[in-house]
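Listed below, chain by chain, are the residues.
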Amino acid sequence: MHDGTRTGPPPGTAGYGEAAEALAEQYESVDFAEVHREVLHLFPERPDTVLDIGAGTGRDAAALAGRGHRVVAVEPTAALRAVGRRLHADRDIEWIDDALPGLRTLLGRRFGLVLLTAVWMHLDQDERPAAMETVSGLVGSGGRVVLSLRHGPVPPGRRMFPVTADETAALARRYGLAALHLAHGGDPLGRADVTWSHLVLERP
């Protein structure tokens, strides 16, 4: 992970760069609104500042930019960033190469919405507290964090850890974020052995 002196890709990105084109096809095949349907009603209705951490190929970033939000997309995997820039060149997205738990390039910035789609389970138990402290520091007053957790077998070559929504909400409370909403759902890609938790946190 990124501590300001990163010399290689973060461990959590293992298996993504090599499969960037195939993953892009997979990610972009699912509509933004379908992925986030359990929590979409809690996204900002008016244009706001949005940080998409682990933005992948930019599906969500592009959709949010299209809705008038000012979007910063953080993606540590160069191949995914390149695909995202190409696919969504028509959207005004600020792309950044960085990763949790540090995100040093964003120090001092605040956002109305921080999006963590299928990111959190890539962090181990030692990284998650530091990452939550970082995320909390990026959320402006009244801002929200929308976070999804993948549950199921770990694909070959990937690095993921079992983490629950309850554990994540408890950790968030330590850093000043309150759990606003929790939902569970199936897999948008139709994988029978994969389920998701959708957690919305808020800075009071």
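Everything below is about the structure printed above this text.
Not measured: the values here are computed from a predicted model.

Some details on the environment of Ala179
For step 1, the next point in the chain: Mapped onto the fold, Ala179 is located in strand S6 (residues 178-185).
For step 2, the next point in the chain: Residues Ala179 and Arg203 lie 24 residues apart in sequence; the distance between their C-alpha atoms is 9.1 Å.
For step 3, the next point in the chain: Beyond its immediate stretch of four places on either side in the chain, Ala179 contacts Ala169, Leu199, Val200 and Leu201.

Here's the deal with the pattern of salt bridges
For step 1, the next point in the chain: Taken as a whole, this structure holds eight salt bridges when the rule is applied.
For step 2, the next point in the chain: Where Arg159 meets Glu127, a salt bridge forms, and the shortest distance between an N and an O atom there is 3.3 Å. Of this pair, Arg159 sits in the loop between strand S5 (139-151) and helix H6 (165-174) while Glu127 sits in helix H5 (residues 127-138), and the two are 32 residues apart along the sequence.
For step 3, the next point in the chain: The partner of Arg144 in a salt bridge is Glu202, with the nearest N and O atoms 3.0 Å apart. Of this pair, Arg144 sits in strand S5 while Glu202 is found in strand S7 (residues 195-202), placing the two residues 58 residues apart along the sequence.
For step 4, the next point in the chain: Relative accessible area serves as the criterion here: at 24%, Arg144 is assigned to the partly exposed category.

Reading the values: the criteria
Residues numbered from 1 in each chain as written. Predicted model: local features only at pLDDT ≥ 70, side-chain atom pairs only at ≥ 80, totals over all residues. Heavy atoms only, no water. Helix = DSSP H or I, 4+ residues; strand = E, 2+ residues; numbered from the N terminus. Contact = heavy atoms within 4.5 Å. Salt bridge = Lys/Arg side-chain N within 4 Å of Asp/Glu carboxyl O. Buried < 20%, exposed > 50% of the residue type's maximum accessible area, 1.4 Å probe, protein only.

Limitation: the analysis is restricted to geometry and does not speak to function.
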